[in-house]
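Structural description and commentary
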Amino acid sequence: MIYNEQDKNTRKTWLLMTLFLVFIILFTWVLAQVYNNSFILYFGVIFSIGSNFLSYWYSDKIVLSMSGAIPADRENYFDLYTVVENLSITAGLPKPKVYIINDSAPNAFATGRDKEHAVVCVTSGLLNILNRTELEGVIAHELSHIGNRDILLSTIVVVLVGFVSIASDWFLRSGFRRSDDRESNSGLWLILGIVFAILSPIVTNLIHLAISRKREYLADASGALLTRYPEGLASALEKIGGYSGGLKTASNATAHLFISNPFGNVTKGIGNLFQTHPPIEERVKILRGMDL
């Protein structure tokens, strides 16, 4: 099952990058018709190819910068380092780089394009409230994301979704001014352009939902198997879920990366359907029901 999910995540990554390429080219083609300027289409082709390149090679650096993360040195974060090292050996993974976000909100995420270029990042708030067993549960969860090949897909989404949002926002703010006075079919192209721009954030949320919930359940299960102690992660999730504040550097683009919703407690009831993370109560229940 784990290997099947790894292969699926690899295929999803390339599919996402291909769909992004097609979407941007199609979007800029519509804009070219609205503005009667073929240069916009040429720019769209270059932009989409360049975005895919940047998202593959530099998305982890972009995410770390957006999150305000800094390298965690071994001397000051010895326990964190030893937990990452020991569990990496157990999981058969190269030790990822370790970063820290100085924020009281307890949270963590993993990023990078592959297991050889992976990063595990935790907040100072997480280290302050978890004991070592609970920290092992969280780190095992993040290493499972690396082992399951979630990290490339999740990290690329941050960059590509951000580029789409910028393009749609620019169009909606531009006033839809055409470069000439020809009115033939202008209304149709204008409507199409507005539809594309409005749909972009909706597509963004759907992508977040599609890649986030299932992979969190899988990483929970994989992490519990790695430590052989599901209670460690279950207890950690309860403490993380009990913190009501949000992470200051979190954004809608990066929210799906974290082990828990970085904006604080999620909405109850039907609101949960539109969250990037499954309810913590449900995750804890599943972990405590595991028989290892």
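Everything here concerns the structure above.
Residues numbered from 1 in each chain as written. Predicted model: local features only at pLDDT ≥ 70, side-chain atom pairs only at ≥ 80, totals over all residues. Heavy atoms only, no water.

1. Things to note about the overall build of the protein chain
Note the threshold: Numbered from the N terminus, helices here are DSSP runs of H or I no shorter than four residues, and strands are runs of E no shorter than two. Exposure is judged per residue with a 1.4 Å probe applied to protein chains only, and the accessible area is read against the type maximum: over 50% gives exposed, under 20% gives buried, and values in between give partly exposed. Only the protein chains shown count as covering a residue, and every accessible area follows the Shrake-Rupley method with a 1.4 Å probe.
Looking only at helices and strands, the protein chain has nine helices and four strands in total. When the helices and strands of the protein chain are read in sequence order from the N terminus, they spell out α-α-β-α-β-β-β-α-α-α-α-α-α. The buried share of the protein chain, taken over its 292 residues, is 49%. Only carbon and sulfur atoms are counted for the fraction: they give 62% of the accessible area of the protein chain, which is about 14,200 Å².

2. So, the packing of aromatic side chains
This is how it is decided: Two aromatic rings, drawn from Phe, Tyr or Trp (for Trp, its six-membered ring), form a pair once their centres lie within 6.5 Å of each other, and the interplanar angle then sorts them: stacked below 30 degrees, edge-to-face above 60, tilted otherwise.
The full count for this structure, using the stated rule, is two aromatic pairs. A centroid spacing of 6.4 Å and a plane angle of 65° characterise the contact between Phe 53 and Tyr 58, whose relative ring orientation is edge-to-face. The exposure class assigned to Tyr 58 is partly exposed, which follows from its relative accessible area of 37%. A ring pair is formed by Phe 109 and Phe 258, whose centres lie 5.0 Å apart and whose planes are at 75°; its orientation type is edge-to-face.

3. Things to note about the side chain of Ser 260
Going by this rule: Only heavy atoms enter the contact rule, under which two residues are in contact if any of them lie within 4.5 Å.
Mapped onto the elements of the fold, Ser 260 is located in the loop between helix H8 (230–241) and helix H9 (280–288). According to the relative accessible area criterion, Ser 260 is buried, its value standing at 6%. Those residues in contact with Ser 260 that sit more than four places away from it in its chain are Asn 107, Ile 240, His 277, Ile 280 and Arg 283.

4. Focus on the side chain of Thr 254
Note on placement: Thr 254 falls in the loop between H8 and H9. The class of Thr 254 is buried, set by a relative accessible area of 2%. Discounting residues that sit within four places of it in the chain, Thr 254 has contacts with Met 66 and Val 158.

5. Observations regarding the nonpolar core
Put simply, the rule is: For the purposes of this section, nonpolar cores are sets of buried Ala, Val, Leu, Ile, Met, Phe, Trp, Tyr and Cys residues that join through side-chain atoms within 4.5 Å.
Formed by 34 residues in total, the largest nonpolar core has its most connected members in Val 122, Leu 126, Val 138, Ile 139 and Ile 146. Those elements that provide at least two residues to this core are helix H3 (78–91), strand E2 (97–101), strand E3 (108–112), strand E4 (118–123), helix H5 (132–147), helix H7 (186–227), H8 and H9. Filtering out sequence-adjacent residues up to four positions away, Ile 139 remains in contact with Leu 80, Val 83, Val 84, Leu 87, Val 120 and Val 122. Counting residues in each nonpolar core, the second largest holds 15 residues, with Leu 64, Ala 105, Val 119 and Ala 253 among its members.

6. Some details on unusual backbone geometry
With a phi close to 65°, Arg 149 is a non-glycine residue in the positive phi region. Inspection of the secondary structure puts Arg 149 in the loop between H5 and helix H6 (150–173). The class of Arg 149 is partly exposed, set by a relative accessible area of 40%. With phi around 65°, Arg 228 is a residue other than glycine that occupies positive phi space.

7. Thoughts on the sheet that holds E4
Our working definition: Any two strands with at least two DSSP bridges between them are considered paired. Orientation is described by lines fitted to C-alpha atoms, with helices fitted over the stretch in contact, and by angles between N-to-C directions that extend from 0 to 180 degrees.
The strand order E1-E2-E4-E3 describes an open sheet built from four strands, whose pairing is mixed. In this open sheet, the two edge strands, each paired with only one partner strand, are strand E1 (70–71) and E3. When E2 meets E4, the two strands line up parallel, connected through five bridges. The residue bridging Ile 100 from the neighbouring strand is Val 122, located in E4. Each of E2, E3 and E4 is contacted by helix H2 (residues 39–67), which is oriented at about 150° to E3, the strand it contacts most. Sheet strands in contact with H5 are E3 and E4, and its direction is about 150° off that of E4.

8. A few points about the packing of H5 against H8
Our working definition: Oblique is the label for any angle not under 35 degrees, not over 145, and not in the 65 to 115 range, which are roughly parallel, roughly antiparallel and roughly perpendicular in turn. Each residue receives one of three labels: charged for Asp, Glu, Lys and Arg, nonpolar for Ala, Val, Leu, Ile, Met, Phe, Trp, Tyr, Cys and Pro, and polar for the others, Gly being one of them.
Close contact between H5 and H8 brings their axes to 7 Å; oriented N to C, the two are set at 95°. One finds that H5 runs roughly perpendicular with respect to H8. In this structure, H5 contributes Thr 133, Glu 134, Gly 137, Val 138 and His 141 to the contact, and H8 contributes Gly 232, Leu 233, Ser 235, Ala 236, Lys 239 and Ile 240. Of the residues belonging to the contact of H5 with H8, the class tally is four nonpolar, five polar and two charged.

9. Here we look at H8
Formally: Each residue after the first adds 1.5 Å to the expected span of a helix.
In this model H8 runs 17 Å from its N-terminal to its C-terminal C-alpha over 12 residues, within 8% of the 16 Å that 1.5 Å per residue would give. Listed as buried for H8 are Pro 230, Gly 232, Leu 233, Ala 234, Ser 235, Ala 236, Leu 237 and Ile 240.

10. Topic: the environment of Glu 134
Structurally, the position occupied by Glu 134 is in helix H5. Residue Glu 134 is classed as buried on the basis of its relative accessible area of 5%. Sequence-wise, Glu 134 and Tyr 229 are 95 residues apart; in three dimensions their C-alpha atoms are separated by 9.7 Å. In this structure Glu 134 touches Ile 129, Gly 232, Ser 235, Ala 236 and Lys 239, once residues within four positions along its chain are discounted.

11. Regarding the environment of Gly 92
Among the secondary structure elements, Gly 92 is positioned in the loop between H3 and E2. Accessibility expressed as a relative area gives 57% for Gly 92, which makes it exposed. Separated by 55 residues in the primary sequence, Gly 92 and Gly 147 place their C-alpha atoms 8.8 Å from one another.

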